[in-house]
Amino acid sequence: MVNLPNIITLARLFAVPVVIWLILDGRFAAAFWLFIAAGISDGVDGFLARQFDWRSELGAMLDPIADKMLLVSIYVALGVEGMLPSWLVILVVSRDIMIVGAVLLSWVMDLEVVLDPAMVSKANTAVQIGLAGLVLGAAGFALDAEGAVRIGVIAVALTTLASGLTYLLRWGRGIGMWADAGPSDETSPRENAGGETDGNKGKT
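Residues numbered from 1 in each chain as written. Predicted model: local features only at pLDDT ≥ 70, side-chain atom pairs only at ≥ 80, totals over all residues. Heavy atoms only, no water.

### Comments concerning the overall build of the chain
Part 1 of the argument: The number of helices and strands found in the chain is seven helices and zero strands.
Part 2 of the argument: Element order for the chain, N to C, with α for helix and β for strand: α-α-α-α-α-α-α.
Part 3 of the argument: When burial is assessed residue by residue, the chain has 41% of its 204 residues classed as buried.
Part 4 of the argument: Of all intrachain contacts in the chain linking residues separated by at least 6 positions in sequence, the fraction that spans at least 24 positions is 81%.
Part 5 of the argument: Accessible surface, the chain: about 10800 Å² in total, of which carbon and sulfur atoms supply 69%. (Helix = DSSP H or I, 4+ residues; strand = E, 2+ residues; numbered from the N terminus. Buried < 20%, exposed > 50% of the residue type's maximum accessible area, 1.4 Å probe, protein only. Contact = heavy atoms within 4.5 Å. Areas by Shrake-Rupley, 256 points an atom, 1.4 Å probe, with all protein chains shown as cover.)

Right under this line is the structure:
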């Protein structure tokens, strides 16, 4: 079902190539404001979905995809421009590739996919957003934020490592429970792995 929250989410998704173009074109102030607008839209679509009961399976799938594509794209673009260290960009992207790979493998193995983010992953998302906004704002408005950016880089690196390890351990636990249950067990592996139920969705 396509409703207003989903339209807002799709608009955020379509903003991804625009933000990349703005960054690569050196228009950092415009990229900063578009990034802020995207963040506000994320809150607005969630509020509308809850307030008017416009939740949908499509929205639950699109929302984290749009958020992650926007954030990862900004990190890659900032890395290309030399505004973020390459190793940090590789770390951020690798963590997301690892999670997507684990999810796909879990689906193939008919395992429960735990997408409910842990607290450390929420913190990781917050500091990633903060660092991206800080770098864009500093470049767009000629601010001296070198010290703050350095701290932000360290915070993103640490929380990204911690978040990736958390997801890896959860996935490993699910694999272990699936192996213990065996394919002939009457209880579905989807009901066993991670102790979660189908339909858990959240931002990673």
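### Considering the environment of Gly172
Part 1 of the argument: With respect to the helices and strands, the residue Gly172 is situated in helix 6 (residues 146-181).
Part 2 of the argument: Residue Gly172 is classed as partly exposed on the basis of its relative accessible area of 36%.
Part 3 of the argument: Separated by 70 residues in sequence, Gly172 and Ala102 place their C-alpha atoms 9.5 Å apart.

### Regarding a nonpolar patch on the surface
Part 1 of the argument: Judged by side-chain polarity, Val2, Leu4, Ile7, Phe52, Trp54 and Leu58 come together as a nonpolar surface patch covering roughly 540 Å² of accessible area.
Part 2 of the argument: Summarising the element assignment, Leu4 is placed in helix 1 (residues 4-24).
Part 3 of the argument: By relative accessible area, Leu4 is classed as partly exposed at 41%. (Patch = residues over 30% accessible without salt bridge, like charges linked within 9 Å, V, L, I, M, F, W, Y side chains within 5 Å. Salt bridge = Lys/Arg side-chain N within 4 Å of Asp/Glu carboxyl O.)

### Notes on the nonpolar core
Part 1 of the argument: Ile23, Ile74, Tyr75, Leu84, Leu88, Leu131 and Leu136 are the most contacted members of the largest nonpolar core, which totals 29 residues.
Part 2 of the argument: Within the residue set of this core, elements represented by two or more residues are helix 1, helix 2 (28-51), helix 3 (57-80), helix 4 (86-108), helix 5 (119-140) and helix 6.
Part 3 of the argument: It is helix 3 that provides the largest number of residues to this core, a total of six residues.
Part 4 of the argument: Leaving out residues up to four positions away in the same chain, Ile23 has contacts with Phe28, Ala31, Ile74, Ala77, Leu78, Glu81 and Leu136. (Core = buried A, V, L, I, M, F, W, Y, C linked by side-chain atoms within 4.5 Å.)

### What to know about the side chain of Ser163
Part 1 of the argument: Along the chain, Ser163 turns up in helix 6.
Part 2 of the argument: Among all residues touching Ser163, those that are not within four sequence positions of it are Arg95, Val120, Ser121 and Asn124.

### Here we look at helix 4
Part 1 of the argument: Along its 23 residues, helix 4 runs 33 Å from first to last C-alpha, staying within 8% of the 33 Å computed at 1.5 Å per residue.
Part 2 of the argument: Taken as a whole, helix 4 has its buried residues at Leu88, Val89, Val92, Arg95, Asp96, Ile99, Ala102, Val103 and Ser106.
Part 3 of the argument: Phi turns positive, to about 60°, at Asp110, one or two residues after helix 4. (Expected span 1.5 Å × (residues − 1).)

### A few points about the packing of helix 1 against helix 3
Part 1 of the argument: Closest axis-to-axis distance for the helix 1/helix 3 pair is 9 Å, and the angle between their directions is 5°. Comparing the axis directions of helix 1 and helix 3 gives the class roughly parallel.
Part 2 of the argument: In the contact of helix 1 with helix 3, the residues fall into 16 nonpolar, four polar and three charged. (Axes fitted to C-alpha atoms, helices over the stretch in contact; angles between N-to-C directions. Parallel < 35°, antiparallel > 145°, perpendicular 65-115°, else oblique. Nonpolar A, V, L, I, M, F, W, Y, C, P; charged D, E, K, R; others polar.)

### Side note on the pattern of salt bridges
Pairs may arise between side chains of opposite charge once their charged atoms sit close together.
Part 1 of the argument: Per the stated rule, a full pass over the model turns up eight salt bridges.
Part 2 of the argument: Its salt-bridge partner being Asp45, residue Arg12 comes within 2.9 Å of it at the nearest N-O pair. Highlighted residues: Arg12 in helix 1 and Asp45 in helix 2, separated in sequence by 33 residues. You'll find Arg12 and Asp45 in the same group, each marked buried.
Part 3 of the argument: For Asp53, the salt bridge is made with Arg55, and the minimal N-O distance between the two is 3.5 Å.
Part 4 of the argument: What emerges from the salt-bridge pattern is a single network uniting Arg12, Asp42, Asp45, Asp63 and Asp67.

### Thoughts on unusual backbone geometry
Part 1 of the argument: Phi angles above zero are rare outside glycine, and Asp53 is one such case at about 55°.
Part 2 of the argument: Its location among the elements puts Asp53 in the loop between helix 2 and helix 3.

### Things to note about helix 1
Part 1 of the argument: Here helix 1 spans 31 Å end to end across 21 residues, near enough to the 30 Å set by a 1.5 Å rise per residue.
Part 2 of the argument: Residue Val16 marks the point of greatest curvature in helix 1, where the axis turns by about 30°; the proline Pro17 follows within four residues.
Part 3 of the argument: Within helix 1 the residues assigned to the buried category are Pro5, Asn6, Ile8, Thr9, Arg12, Ala15, Val16, Val19, Leu22 and Ile23.
Part 4 of the argument: Close packing links the buried residues of helix 1 with helix 2, helix 3 and helix 5. (Bend = angle between axes of the 7 residues up to and from the residue.)

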